[in-house]
Amino acid sequence: MKLHLIPLMLVVVSGALAQQSGATGETRPRATPDKYPFGEMVRELAKDPFESAPVAGALDPKAQFQAKVLKAVNDGPELPEDQMPATSRLALAKAEKWMKDLEIPAMGKDGRVMYTFGAGLTTIVCAPLRVCVMELQPGEQVNGEPHIGDSVRWSVAPAASGAGASATYLVVIKPKEAGLDTNLMIPTNRRAYYVRLVSRQQEYLPLVAFSYPEDDAAKWRAAASAQQRTTEEFEAARITPVESVESMNWLYSIEGGTEFLRPVRVMDDGKKTYIQMPEGAAVREAPILVVSGLDSTAEMVNYRVKGSMYIVDRLFEHGALLLGSGKKQQRVDIIRNGSAAAKKEMSKGIFGNKPDAIEQAYLKRVPGTEAGTESAAAGLVSKAGQKDKGTGSEK
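Predicted model only: the values in this text are computed from it and were never measured.

(A) Inspection of the sheet that holds strand β5 (residues 147–148) at higher detail. Ordered by their spatial adjacency, four strands build an open sheet running β3-β9-β8-β5, and the pairing between neighbours is mixed. In this open sheet, the two edge strands, each paired with only one partner strand, are β3 (122–126) and β5. Pairing of β5 with strand β8 (residues 181–187), which is carried by two bridges, proceeds in the antiparallel orientation. Counted as the bridge partner of His147 is Met185 from β8.

So this is what it looks like as structure tokens:
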């Protein structure tokens, strides 16, 4: 059609020039091929605008033409570089470097292509008539709608797998044609994703996911914090009231027992009594604590053990740590010095020379002990009698 119209146009133009020349009486130069290259013009007009030499790996001619048109539309007048502020030039250089940094993806399970979040500009390659899926972190939720540079020729839709708090949000991406290049921003309740979208004719990435270095760092910080708490609790259990309270009553006498049974120190703060046992007591059989009652009988007392420390929720004038029963029983006496009641009690004999009460107290504290064993305090009463006779030492 174009080839038939061109000669007709030439004839009309020549006739018009001839009529104008006759009307004015002037001689006009004739339009000859040597002065006007009509043949070249005809060949140029007859060309197919989408026809070009095939290039290996290049986009199809139509896509190339559309890309050129889009570039011409987008490329407006730019501010000369010498007029651009230095801060802006530096910012552009930084951003360009980040976008051009090589981000090496890795293979994940189920065909996922894994990118490290924040390491560089993630590029997702899609193709027409194919579905690309961008997978977010489990439990992550999208805040609002994603923002895409070219919303006409790209389709972005939501999807999800799983349910509840562990559901995984999916972003389904589809281009309408090849040769497109735009960007996408997705805000979530944890971070903002900024990715580049490129469409090809055949190649595409079916599933893209991310790894999150900051989550690994948070796990290490949580582990370190838990370890620190454990260490602090352990150290707190080892701290004695002597190290934390300045005004303490240290006037206690410790008599009898072996080095593993004898307390390291005994003190009180006017309300509670603290009995610190030697190192390793926590992994050995623990003795029970009994105190002298109002009638000088042995009675049980409420206390708790924290590490190597016995904490008694009251004061007492005379107490004893008992381990075992019968002839093999071991005993340590704890006497609050300066106490008139304790001195009087000692003069009468330990716990008023009533070994049966001590034995019964021990049997109540240590279930399963044979009731028919010899009195737990018989030897202690004997020892008290020796002290009353003036020996003052253990035999």
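(B) Quick peek at the nonpolar core. Ile275, Leu289, Tyr303, Val312, Leu321 and Ile334 are the most contacted members of the largest nonpolar core, which has 21 residues in total. At the level of secondary structure, the elements contributing two or more residues to this core comprise β14 (288–292), β17 (309–312), β18 (318–323) and β19 (330–336). Beyond its immediate stretch of four places on either side in the chain, Leu321 contacts Leu261, Pro263, Ile275, Met277, Pro287, Ile288, Leu289, Tyr310, Gln330, Arg331, Val332 and Ile334.

(C) Here's a closer look at the side chain of His318. Structurally, the position occupied by His318 is in strand β18. A distance of 3.3 Å separates polar atoms of two side chains, one belonging to His318 and the other to Asp333.

(D) Spotlight on the packing of aromatic side chains. Taken as a whole, this structure holds five aromatic pairs when the rule is applied. Judged by centre distance (5.2 Å) and plane angle (70°), the rings of Phe117 and Tyr193 are edge-to-face. Taken together, the residues span a long stretch of sequence, with Phe117 in the loop between β2 (113–116) and β3 and Tyr193 in strand β9 (residues 192–199) at a distance of 76 residues. Taking relative accessible area as the criterion, Tyr193 reaches 1% and is therefore assigned buried. When the centroid spacing of 6.3 Å and the interplanar angle of 80° are considered together, the rings of Phe117 and Phe210 count as edge-to-face. One end of the pair, Phe117, is in the loop between β2 and β3; the other, Phe210, is in strand β10 (residues 207–211), with 93 residues separating them in the sequence. In this structure an aromatic cluster arises from ring pairing among Phe117, Tyr193, Phe210 and Tyr212. A cation over an aromatic ring shows up here: Arg191 above the ring of Phe117, its NZ or CZ 5.4 Å from the ring centre.

Conventions we followed
- Residues numbered from 1 in each chain as written.
- Predicted model: local features only at pLDDT ≥ 70, side-chain atom pairs only at ≥ 80, totals over all residues.
- Heavy atoms only, no water.
- Pairing = 2+ DSSP bridges.
- Helix = DSSP H or I, 4+ residues; strand = E, 2+ residues; numbered from the N terminus.
- Core = buried A, V, L, I, M, F, W, Y, C linked by side-chain atoms within 4.5 Å.
- Buried < 20%, exposed > 50% of the residue type's maximum accessible area, 1.4 Å probe, protein only.
- Contact = heavy atoms within 4.5 Å.
- Polar contact = N/O pair within 3.5 Å; in protein donor to acceptor, adjacent residues only side chain to side chain.
- Phe/Tyr/Trp six-rings, centres within 6.5 Å; stacked < 30°, edge-to-face > 60°.
- Lys NZ or Arg CZ within 6 Å of the ring centre and 35° of its normal.

All we've got here are geometric facts, nothing functional implied.
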